[in-house]
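What follows is the residue order along each chain.
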Amino acid sequence: MAQFTNTSAAAVVWALTHLMKNPRSMEKGQEEIRSLIGTKGFVDEDDTPKLPHLKAIVKETMRLQPIAPLLVPRETTAECIIDRYEIAAKTLVYVNAWTIGRDPEAWNNPEEFDPDRFVGSCIDLKGQHYELIPFGAGRRICPGMLMRIATVDLSLANLLYKFNWEMPMVIKGEDMDLDW
Ligand code: HEM
């Protein structure tokens, strides 16, 4: 179970790291959360569907930093052909979600952290859009995916609601190397 709580914690840390590197996106996220929540004191689960920019930040973080970059290895049960490649039965298959999330044929300015790319877009994390598959897709998709809302979205929203985050003075955002 520990690895599953770690995946959510890692997603929150990556989101905060990107936001510290991109303070304008952080302000935008905070403005949205703080204007919705006002003086209530905390964000609860019912609030998160009303926070589209927060959702966009989570998607953009998972596009650039999928927590399982190669998903989970799978073995083919039968011979198949994918995009003209013949794949024998019992082949170990890795899906490189990290590269897919940065594919210039699927994304404009793929290396840029830009949550706004999801505003007005139907692309979601639920395995229906193959350019964004941090939870995998198909019948073995992550069953903990919906827990993400209670873990990643909610904790990130509260951390942004309560605190302004910035790098320690000695570290400049542009010097941070976020590649794996
Ligand atoms: C941000 C959080 C999480 C991420 C990014 C994530 C990602 C993934 C990925 C990529 C897979 C492989 C899917 C595939 O091969 O197509 C997976 C599988 C799985 N995940 Fe998650 N996960 C997260 C949280 C959780 C949580 C909270 C739980 C449980 C409470 C969970 C339980 C599982 C299980 C049991 C599988 C294996 C499913 C199978 O093989 O049938 N995950 N997860």
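Presented here is an overview of the structure given in this document. Here the structure is a predicted model, which means the values were calculated and not measured. (Residues numbered from 1 in each chain as written. Predicted model: local features only at pLDDT ≥ 70, side-chain atom pairs only at ≥ 80, totals over all residues. Heavy atoms only, no water.)

Along the backbone of the protein there are five helices and four strands. When the helices and strands of the protein are read in sequence order from the N terminus, they spell out α-α-α-β-β-β-β-α-α. Its C-alpha radius of gyration of 18 Å places the protein within 12% of the 16 Å reference for a compact globule of 180 residues. Projecting the C-alpha coordinates of the protein onto the three principal axes gives extents of approximately 60 × 35 × 35 Å. The long-range share in the protein, meaning contacts at least 24 apart out of those at least 6 apart in sequence, stands at 68%. Surface exposure of the protein reaches about 11100 Å², of which carbon and sulfur atoms provide 57%. (Helix = DSSP H or I, 4+ residues; strand = E, 2+ residues; numbered from the N terminus. Rg over C-alpha atoms; globule rule 2.2 N^0.38 Å. Contact = heavy atoms within 4.5 Å. Areas by Shrake-Rupley, 256 points an atom, 1.4 Å probe, with all protein chains shown as cover.)

What follows is about the environment of Lys-90. Tracing the sequence through the fold places Lys-90 in the loop between strand 3 (85–87) and strand 4 (92–93). On the accessibility criterion, Lys-90 (63% relative accessible area) is exposed. Ignoring sequence-local partners within four residues, the contact set of Lys-90 consists of Glu-75 and Thr-76. One polar contact links Lys-90 to Glu-75, side chain to side chain, over a distance of 3.0 Å. (Buried < 20%, exposed > 50% of the residue type's maximum accessible area, 1.4 Å probe, protein only. Polar contact = N/O pair within 3.5 Å; in protein donor to acceptor, adjacent residues only side chain to side chain.)

Turning to the coordination of the iron atom of the ligand, a few remarks are in order. Donor atoms from the protein around the iron atom of the ligand number only one, Cys-142 (SG), found at 2.2 Å. Relative to the elements of secondary structure, Cys-142 occurs in the loop between helix 4 (97–100) and helix 5 (147–162). (Donors = N, O, S within 2.8 Å, 3.2 Å for Na, K, Ca; no water.)

Attention now goes to the pattern of salt bridges. Should their charged atoms come close, side chains of opposite charge can pair. Considering all chains together, one arrives at twelve salt bridges under this definition. Of the charged contacts, one joins Glu-60 and Arg-63 as a salt bridge, the two residues approaching to 2.7 Å between their closest N and O atoms. Separated by three residues within a single helix, Glu-60 and Arg-63 lie in helix 3 (residues 52–64), roughly one turn from each other. Arg-63 carries the same exposure label as Glu-60, and that label is buried. With a closest N to O distance of 2.7 Å, Glu-111 and Arg-102 form a salt bridge. A relative accessible area of 54% places Glu-111 in the exposed class. Residues joined by salt bridges that share partners form a network here, namely Lys-40, Asp-44 and Asp-47. (Salt bridge = Lys/Arg side-chain N within 4 Å of Asp/Glu carboxyl O.)

Bringing the packing of helix 2 (residues 23–37) against helix 5 into the picture now. Contact geometry for helix 2 and helix 5: axes closest at 9 Å, N-to-C directions at 90 degrees. By the angle between their axes, helix 2 is roughly perpendicular relative to helix 5. Mapping the contact onto sequence places Met-26, Gln-30, Ile-33, Arg-34 and Ile-37 in helix 2 and Ala-157, Leu-160, Tyr-161 and Lys-162 in helix 5. Along the lines of polarity and charge, the residues of the contact of helix 2 with helix 5 split into six nonpolar, one polar and two charged. (Axes fitted to C-alpha atoms, helices over the stretch in contact; angles between N-to-C directions. Parallel < 35°, antiparallel > 145°, perpendicular 65-115°, else oblique. Nonpolar A, V, L, I, M, F, W, Y, C, P; charged D, E, K, R; others polar.)

This part is about helix 3. For helix 3, spanning 13 residues, the distance from its first C-alpha to its last is 18 Å, which sits close to the expected 18 Å at 1.5 Å a residue. Counting buried residues in helix 3 gives twelve out of 13 residues, a clear majority hidden from the surface. By the burial criterion, the buried members of helix 3 are His-53, Leu-54, Lys-55, Ala-56, Ile-57, Val-58, Lys-59, Glu-60, Thr-61, Met-62, Arg-63 and Leu-64. (Expected span 1.5 Å × (residues − 1).)

This paragraph deals with helix 5. Every α-helix carries 3.6 residues per turn, so stepping three or four residues along brings you back to the same face. Given a rise of 1.5 Å per residue, 16 residues ought to cover 22 Å, and the 22 Å separating the end C-alpha atoms of helix 5 matches this to within 8%. Among the residues making up helix 5, those that are buried are Arg-148, Val-152, Asp-153, Leu-154, Leu-156, Ala-157, Asn-158, Leu-160 and Tyr-161.

Turning to the side chain of Glu-32, a few remarks are in order. Among the secondary structure elements, Glu-32 is positioned in helix 2. The buried charged residue Glu-32 lacks any salt bridge, with Lys-28 as its nearest oppositely charged partner at 8.8 Å. (Lys, Arg positive; Asp, Glu negative; His and termini not counted.)

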